[in-house]
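# Secondary and tertiary structure notes
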Amino acid sequence: MAVEERNLIAPGAGLTAAPPVVGRFSDFVYQLRGNPATFAGLFIVVVIVLSALLGPVLARYDPYAVDLGQSAVGPSLAHPFGTDQYGEDILTRVVVAARLDLFMVLSAVGASMLIGVALGALAGFFGRFFDEGIMRSQDVLQAFPRFVFAMAVAWALGPGIVTVIVATAAINIPGYARLMRSLMLSVKETQFALAAVAVGNSRWRLLWRHLLPNCLTPIIVLSTLQCGFTILEAAGLSFIGLGVRVPQAEWGVMIAMGLQDFLQGHWWIYTFPGLAIAFAVLGFNLLGDGLQDILDPKRRRV
Amino acid sequence: MALLEVSDLRTSFFLRSGELRVLDGVSLEIQAGEVLGLVGETGSGKSVTAYSITRLLKQPGRVVGGEVKWDGRDLVRLWESELEQEIRGKEISMIFQSPREALNPVITVGRQLTQVLRIRRGMDRREARAEAIRILKSVYISDPESRLDSYPHELSGGMAQRIMIALALSCQPRLLIADEPTTGLDVTTQHQIVLLLRELRDRTGMAILLITHDLALAAQLCDRVAVLYAGRIAEMGPIGHLFRSPRHPYTAALLASRPRLGLQGDILTIPGNVANLMRPPGGCRFHPRCPNATQVCAQQQPPLEPMDPGQRVACHNPMPQRQELAASG
Amino acid sequence: MGSTRLLLYAARRILLIVPVLLVALFLTFALTRIVPGNPVDRVAGPYISLERRAELKHIAYLDRPFYEQFALYLRDLSQGKMGTSYTTAQDVSKDLRQRFPATFELVTYAMLFAVAVALPLGISAAIKKDSWIDSIARAVSVLGVSMPIFWLGLMLLYVFFYFLGWLPGPVGRTGSAIRFAEPITGFLTIDALLKGDFDLFLKAVQALILPCFTLGFVAMAPIARMTRAVMAEALQSDYVRTARSLGLPFRVVVLRHALKNALIPILTITAAVYGYALGGEVLVEIIFAWPGLGQYSYNALLSSDFPAIQGFVLLVTFVYMVIYLALDIATAALDPRVKY
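Criteria and thresholds
Residues numbered from 1 in each chain as written. Chains lettered and ligands numbered in written order. Predicted model: local features only at pLDDT ≥ 70, side-chain atom pairs only at ≥ 80, totals over all residues. Heavy atoms only, no water. Helix = DSSP H or I, 4+ residues; strand = E, 2+ residues; numbered from the N terminus. Buried < 20%, exposed > 50% of the residue type's maximum accessible area, 1.4 Å probe, protein only. Contact = heavy atoms within 4.5 Å. Areas by Shrake-Rupley, 256 points an atom, 1.4 Å probe, with all protein chains shown as cover. Lys, Arg positive; Asp, Glu negative; His and termini not counted. Charge placed at Lys NZ, Arg CZ, Asp CG, Glu CD. Expected span 1.5 Å × (residues − 1). Bend = angle between axes of the 7 residues up to and from the residue. Pairing = 2+ DSSP bridges. Core = buried A, V, L, I, M, F, W, Y, C linked by side-chain atoms within 4.5 Å. Axes fitted to C-alpha atoms, helices over the stretch in contact; angles between N-to-C directions.

## A word on the overall build of chain B
Summing up its helical and strand segments, chain B has 13 helices and 12 strands in all. Projecting the C-alpha coordinates of chain B onto the three principal axes gives extents of approximately 65 × 45 × 40 Å. Put simply, chain B has 329 residues, and 55% of those count as buried. A sequence separation of at least 24 residues applies to 65% of the contacts in chain B between residues at least 6 apart. When the accessible surface of chain B is summed, it comes to about 14400 Å², and 49% of that surface belongs to carbon and sulfur atoms. Of note, chain B has its 39 positive side-chain charges centred 2 Å away from the centre of its 35 negative side-chain charges.

This is the structure we're talking about:
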């Protein structure tokens, strides 16, 4: 029992198979209005996505414009977030970094979702040998503390963007596999699945056309919450120098640069990128929690 | 003086979409040693009445008006601590439907019982154990010593309900509220529980408020019956009168819709749906479904008034009294 | 319920740990071997003679095939040897033993702090839903999981050390360069008290405050959240209503009836958070220059100290497994419905 719940700390714990809610957009908006926290989450995520898309256009400076004459200058009108040791404008870098961070996070979550969902579906659908083999391998993966495992993988691969993606994807796979397996097991027994077999659907068709779409809701919720966690872990890896490296505009790296100057009291170098991370993670968490409430019929507004 | 006197009790559930008026002025009284049945369809407010009396409503329910008089004290206005120390358990106890869920799953039967005895009756460990065994015997649990170590999930439904009854009796209350005590039990067990309740009433002289949707069960156990419809009492009176000559059209329909031996043709059903409590119909809440409804029914709520052969009925156009009964008195 | 059965279960559960640990061991080992380039080349650099290089490779078994390396590693491990660290030049097991107490003290206090705050907070929030305390609980749980732990540490350091000057800066366990001769328990706070060195005790406590709070705050969030959720559910349950209908005092209802049911999910999340803290702890140690395992692993990663990395991952994973083992046994003992 405890093994099943091992991923509790990981986002989306306790997600269960819910009958699909008939998604009418107006209803979604109604649910959202009664839930200001979710609305705030959605707003934050939209802001992050916009700055990822438009960041370089909006920015007033070149994020990599070294200007040693303007080294580590505190916040001012010209540089609202101040500048770092190289005289680079921190506001620009915080905005521009959204693209890289979001790219890494979405790639990692996307990859772990594809792999984890496939593994979980196979385990849940075919059972027996598949189930045992796949789930025991997930047990081993989860025997490592998440971040420690990511550190080891990142170190073995050497620094770089791909490293961050692979390392953070690896630790998210078991969450998807477990969720998908349990969803599969419960959905497989439902009336409509039995009915679909009864009218002569093939097993693959059943899996592809009937079972997977019904598992979609919890997967979406889990992915939203995973995004938040992954931002933290990706930034953590870059912070200790195992991920993206120094000149890059990336939130974790920028905090690491701030650490070097800590004793000089240049607080702005690490404060603003950190706020950006907290802001982004908060957005994904609020949105994920809210989606869980909205999409789960048992927890909807009445 | 009645043991318990409920007057004009109003309870609402406050949902985001509005106030749900589940009880809209319920009045009833229970005499010492009497068994009163509270019957009605699902959603009529039977259980809510019970939980309003002891103030154990679950969220988001709240008593918004009325009185619950017990020994001259109004339970609605009593402090929670007074209610806890002086009323619950010692004066009024409850048993519930789905008894296995009503017992704490991670505490043994023995501990649940002795805990109550020690805290509520100030017994020490050994006294409590002896008393627990005595109580278990009195509800006919075989081998009570070994049962003390069982967990609720190890009990059958009937056994769990006996344990629940033992718990409720542990502080010797004067009123037992039984909320659908036989729901979910098989027929034989149901019968045993009914016999046990009847015997306990005779032995201890406590009053029972029996909440049920099962008219046959009410007929077996009750002295009087109150029929609840959409949060209001429709009709109340001695069980014989009510069953033989119902005056409220709803009671009549309820009696006609129950399956009986030797029934020919389809079971009669009551047309329409149970009243929407968010937007209840004006006047008499039953009027949209009522065969006798007239203009006045939609406008005025009928008061609960005495009617022959000896019940009280809230209806503008009651059913005629059955003749054979009128003749016999 | 027989306690012998529980013991048997515990024994079986301990045996089950062995295969998982072996696979984890293999995985860690394999991970350090897929690194491009030979460890000796990577560490020693170009300025070393070919003979010396071959000698080094021989010492580290690197001139042998992969499976033989693994077998030799297992053999050494069974004798308590984890290989010689490239940076400290002593056996990794000794390195880890020296640094473990610092980490253990930090994580223990942080977890105690997290639980001590999260439990009452979650319980009060569940009792008084939508009250101010509920708002605090919700704010803590959403902020705690949103903040990067290393950033939180930095911010706290800036405020309390750099700006206010109330607490010691990032200089490790005592806030000064005091070396502690022979540890008794390894917990500096306890050792200092045992030796009657009150001054050292104060220093140790002061140095612990910030790292503990940093780690504890992040660990607190999921525990408070889970406590609130399961307690709210328990308080709305039928058995709580039964307990209340019998006139049991509210305190008894909450603590002995509701909490006893909610305890298993709370313990489960606490164990999961412990694993999370073992990762976050690395970052906290870097920020606060804490001389524990995290700092050691960080240095090992930077200098590609293979045996040290292997040893660290192994130890942390082992600790994590032991936590889960304890959890499973506690669950079995607490919940009569668990079949074992």
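Resuming the write-up.
## What about helix H11 (residues 250-288) of chain C?
Residues and elements named next belong to chain C. Compared with an ideal rise of 1.5 Å per residue, which puts 39 residues at 57 Å, H11 spans 44 Å between its outermost C-alpha atoms and falls more than 12% short. Its axis deflected by about 50 degrees at Leu259, H11 carries its strongest bend there. Here H11 lies mainly inside the structure; 30 of its 39 residues are buried.

## A closer look at the pairing of strand S9 (residues 224-229) of chain B
As a general feature of sheets, a regular strand has side chains that alternate between the two faces. All names here are of chain B. Judged by how many residues are buried, S9 sits mostly within the fold: 6 of 6 residues are covered. Side chains Arg224, Ala226 and Leu228 project from S9 onto one buried face, and the interleaved Val225, Val227 and Tyr229 project onto a second face that is buried too. Bridge analysis of strand S3 (residues 35-39) against S9 gives 4 bridges, and the strand direction is parallel. Each bridged residue has a counterpart across the sheet, and for Gly37 the counterpart in S9 is Val225. With 6 bridges connecting them, S9 and strand S10 (residues 232-238) associate as antiparallel partners. Along S10, the bridge assignment pairs Arg224 with Pro238. Taking the residues that link successive antiparallel strands as the turn, the S9-S10 hairpin has 2 residues, and the phi of Ala230 there is positive, at about 50 degrees.

## Structural notes on the nonpolar core
With 272 residues, the main nonpolar core has Trp251 of chain A together with Leu175 of chain B as its most contacted residues. Here this core gets 19 residues from one element, more than from any other, and that element is H11 of chain C. Counting 9 residues, the second largest nonpolar core, distinct from the first, contains Leu100, Ala169, Ala234 and Val253 of chain A.

## Section: the sheet that holds strand S4 (residues 61-70) of chain B
Residue and element names in this part refer to chain B. As summarised here, the arrangement of the 4 strands in space is S2-S1-S4-S5, forming an open sheet in which the pairing is antiparallel. If you trace the sheet from one side to the other, it starts and ends with strand S2 (18-30) and strand S5 (73-74), each paired once. Judged from the 2 bridges that link them, S4 and S5 form a sheet pairing that is antiparallel. Each bridged residue has a counterpart across the sheet, and for Trp70 the counterpart in S5 is Arg73. Its contacts with the sheet place helix H1 (residues 46-54) against strand S1 (4-15), S2 and S4, and it is angled at close to 105 degrees to S1.

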